[in-house]
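One-letter residues, chain by chain:
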Amino acid sequence: MNLYWSVLTVLTLLGITAPVALAFGFAGASAARSAFAPLRWIGKTYIAIVRGVPDIAFFLFFVIALDQAIEYLRHRALCPDWSEPVRQGNDFVVCQAAKMPLGEAPQWVHETYGFSIAVLTFAIVYGAFAANVLFGAMRAVPHAQLETAAAYGMSTRQTFWRVLVPQMWVFALPGLSNLWMLLIKATPLLFLLGVEDVVYWARELGGSKTPRFTDYPHGDWRMWYFLALLVFYLAFTRVSEVVLDRLMARLTHGQATAAGEAQRKAA
Amino acid sequence: MSCWQTIQDYGLRAVGYGERLLPREDFTLCEQFTLIGSGMIWNVYFGFFALLAGFFLATAVGVGKASSNRLIRKSASWFIFVFRGSPLFIQFFFGYFLFLTLKSNYAFFDPFTAAWLGALIVLFLNTSAYAGEIFYGALQSIPKGDTEAADAYGLTGWKRFKRVIWPTMLRLAWPAYTNEAIFLFHSTTLVFLTGFPAWQQRGDALYYAQYFADKTFNPFIPYPILAGYFIVLTLIVISLFGLINRRLNRHLPQGQRPKLRLRPNLIR
């Protein structure tokens, strides 16, 4: 039963992370295009920082770093008269009230908290990748379109929302669909973040069971469980490919690109 | 303890030489640098051998996918789809447990459950699939004129492949293949996070970085060190592949030589 729940966990993670990462990416790409220099630097740094380093390191890093940042902020807000330093040698110490989640909180709060941290981590890392894709897509929109918008007297903001954003998706979609595939394949990493996901349960349930502890004793079945996971991911990738191809065909409709032209001729 | 002493003790710890016990308390920067650096030996080992062996299988798979024989084409496409369509993380797990099951039946598979061989095989197959797809793409985009010229010179079969098709394929594929290499080195960090045990705490760079982060509750030192090591490794890979790229394109005039455009992949 838990295995099925964990599949749902994975799907939920994908469902939440994809839009959040897209939002992060959109914000990052808009910031990188901004006319205001500091904002532009922030956007560009955000895009640049994730490259060149194994993403696993990022996942492991962000989870602890985010956790500690939240606890530290709560510590400053809730316990102003705490005199000892937070970092004592090898220990990270905050007052009881600042623990996140609270020590006496029920189990589900702990699990939800861990899950949200994981989602946030995924969103930050994939947001940077999405920002990169969207930044490229925004630059790929023909410049004449923007000039025309300016000639019609649209303000910068109007141009951005009414001309640039609707047209950029067709350029962004190949990159974004790549990213979606990557996101699917990154979900087993949840396991590393301490969430009880499919990998965890495949290991737990697949291990040898003796008749003493369970009604269904069996040998070491972990190989078969992981084979099932492998097939699950393959099927998921395949379905996504088909869906994204259709979406691309729809978005291409009526666009001034080579593919759009081909579609027009075929019709 | 001086830093030099630490390097002597822990410099080769990842392969089992030097001090047996890992440092337990009062971690110094020097210890972290040395141990994480020592773990890099494994990352380089996995990456290097998987790439070296994978290159040949990848060529075979790439040519196979472009083959006119239906059976060969289908099997090559399926190989690529299976390894590119599923997460490497799951592949490692599956590989480990597969070898574990085989080992309990046949003694021959004993070394396969150890990381040095088992993980290498998984990485080898994985990189072959990714690079195979790259080579297939390059084969498809070989200029028609090149093959026609080969035909006009009367080159056929193996000679045509070796003299014309294969070099052109490599030339076209090289930038993407460089990305794949960088990416493979990054994914070597997954090995010890999956089933493969780090025997006697001989792990890779991430294993030690995680060790320090767990012991000190401070991710802000070991992970940036790890990142630094990987950036250096990436730069080395880029410069080596750049040299090969230069050699592959040595017949072209200076201005026309394609530069390596690097767009690293994200995850597999």
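The notes below deal with the structure included here. Predicted, not measured: the structure shown is a model, and the values here were computed from it.

### Let's talk about the overall build of chain B
Across its full length, chain B holds 9 helices and 0 strands. Burial statistics for chain B: of 268 residues in total, 50% are counted as buried. When contacts within chain B are restricted to residue pairs at least 6 apart in sequence, long-range pairs at least 24 apart make up 74% of them. Here chain B carries 25 positive and 13 negative side-chain charges, and the mean point of each set is 15 Å from the other.

### What to know about the pattern of salt bridges
Residues and elements named next belong to chain B. For the structure on display, the rule yields 3 salt bridges over all chains. Taking the shortest distance from any N to any O, the salt bridge between E133 and K65 comes out at 3.0 Å. Of this pair, E133 sits in helix α5 (residues 115–140) while K65 sits in helix α2 (residues 29–65); the two residues are 68 residues apart in sequence, bridging distant segments of the chain. Residues R160 and D151 are paired through a salt bridge, measuring 3.0 Å at the closest nitrogen-oxygen approach. Overall, R160 belongs to the partly exposed group, its relative accessible area being 24%.

### Description of the environment of Q210(B)
In this structure, Q210(B) sits in helix α8 (residues 205–216). Relative accessible area serves as the criterion here: at 22%, Q210(B) is assigned to the partly exposed category. Separated by 174 residues in sequence, Q210(B) and I36(B) place their C-alpha atoms 9.6 Å apart. Leave out the neighbours within four places in its chain, and Q210(B) touches L60(A), L193(B) and Y223(B).

### Here we look at the nonpolar core
Residues Y126(A), F226(A), F46(B), F92(B), F135(B) and V191(B) are the most contacted members of the largest nonpolar core, which totals 122 residues. If you tally residues by element for this core, the top one is helix α4 (residues 107–140) of chain A, at 17 residues. Leaving out residues up to four positions away in the same chain, V191(B) has contacts with F46(B), F92(B), A115(B), A119(B), L123(B) and F196(B). If you look at the next biggest cluster of nonpolar residues, it comprises 6 residues, including V61(B), A76(B), I80(B) and A129(B).

### Points about the packing of helix α6 (residues 156–186) of chain A against helix α8 (residues 222–252) of chain A
Residue and element names in this part refer to chain A. Relative to each other, α6 and α8 sit at 170°, their axes nearing to 10 Å. Regarding the angle of α6 to α8, the classification is roughly antiparallel. Contacts between α6 and α8 pair W169, V170, L173, P174, S177, W180, M181 and I184 from the former with Y233, F236, T237, S240, E241, L244, L247, M248, L251 and T252 from the latter. Here the contact of α6 with α8 is composed, by residue class, of 13 nonpolar, 4 polar and 1 charged.

### Observations regarding the environment of F220(B)
Mapped onto the elements of the fold, F220(B) is located in the loop between α8 and α9 (222–248). On a C-alpha basis, the gap between F220(B) and F124(B) in space is 33 Å, while along the polypeptide they are 96 residues apart.

### Here we look at the packing of aromatic side chains
Residues and elements named next belong to chain B. Scanning the model with the defined rule gives 36 aromatic pairs over all chains in all. Relative to F49, the ring of F48 has its centre 5.2 Å away and its plane inclined at 85°; by these criteria the two rings are edge-to-face. Through successive ring pairs, a cluster of aromatic residues spans W42, Y45, F46, F48, F49, F192, Y207 and Y208. Between the NZ or CZ atom of K65 and the centre of the ring of Y136, over which it lies, the distance is 4.6 Å.

Criteria and thresholds
- Residues numbered from 1 in each chain as written.
- Chains lettered and ligands numbered in written order.
- Predicted model: local features only at pLDDT ≥ 70, side-chain atom pairs only at ≥ 80, totals over all residues.
- Heavy atoms only, no water.
- Helix = DSSP H or I, 4+ residues; strand = E, 2+ residues; numbered from the N terminus.
- Buried < 20%, exposed > 50% of the residue type's maximum accessible area, 1.4 Å probe, protein only.
- Contact = heavy atoms within 4.5 Å.
- Lys, Arg positive; Asp, Glu negative; His and termini not counted.
- Charge placed at Lys NZ, Arg CZ, Asp CG, Glu CD.
- Salt bridge = Lys/Arg side-chain N within 4 Å of Asp/Glu carboxyl O.
- Core = buried A, V, L, I, M, F, W, Y, C linked by side-chain atoms within 4.5 Å.
- Axes fitted to C-alpha atoms, helices over the stretch in contact; angles between N-to-C directions.
- Parallel < 35°, antiparallel > 145°, perpendicular 65-115°, else oblique.
- Nonpolar A, V, L, I, M, F, W, Y, C, P; charged D, E, K, R; others polar.
- Phe/Tyr/Trp six-rings, centres within 6.5 Å; stacked < 30°, edge-to-face > 60°.
- Lys NZ or Arg CZ within 6 Å of the ring centre and 35° of its normal.

Spatial relationships are all this shows, so hold off on functional conclusions.
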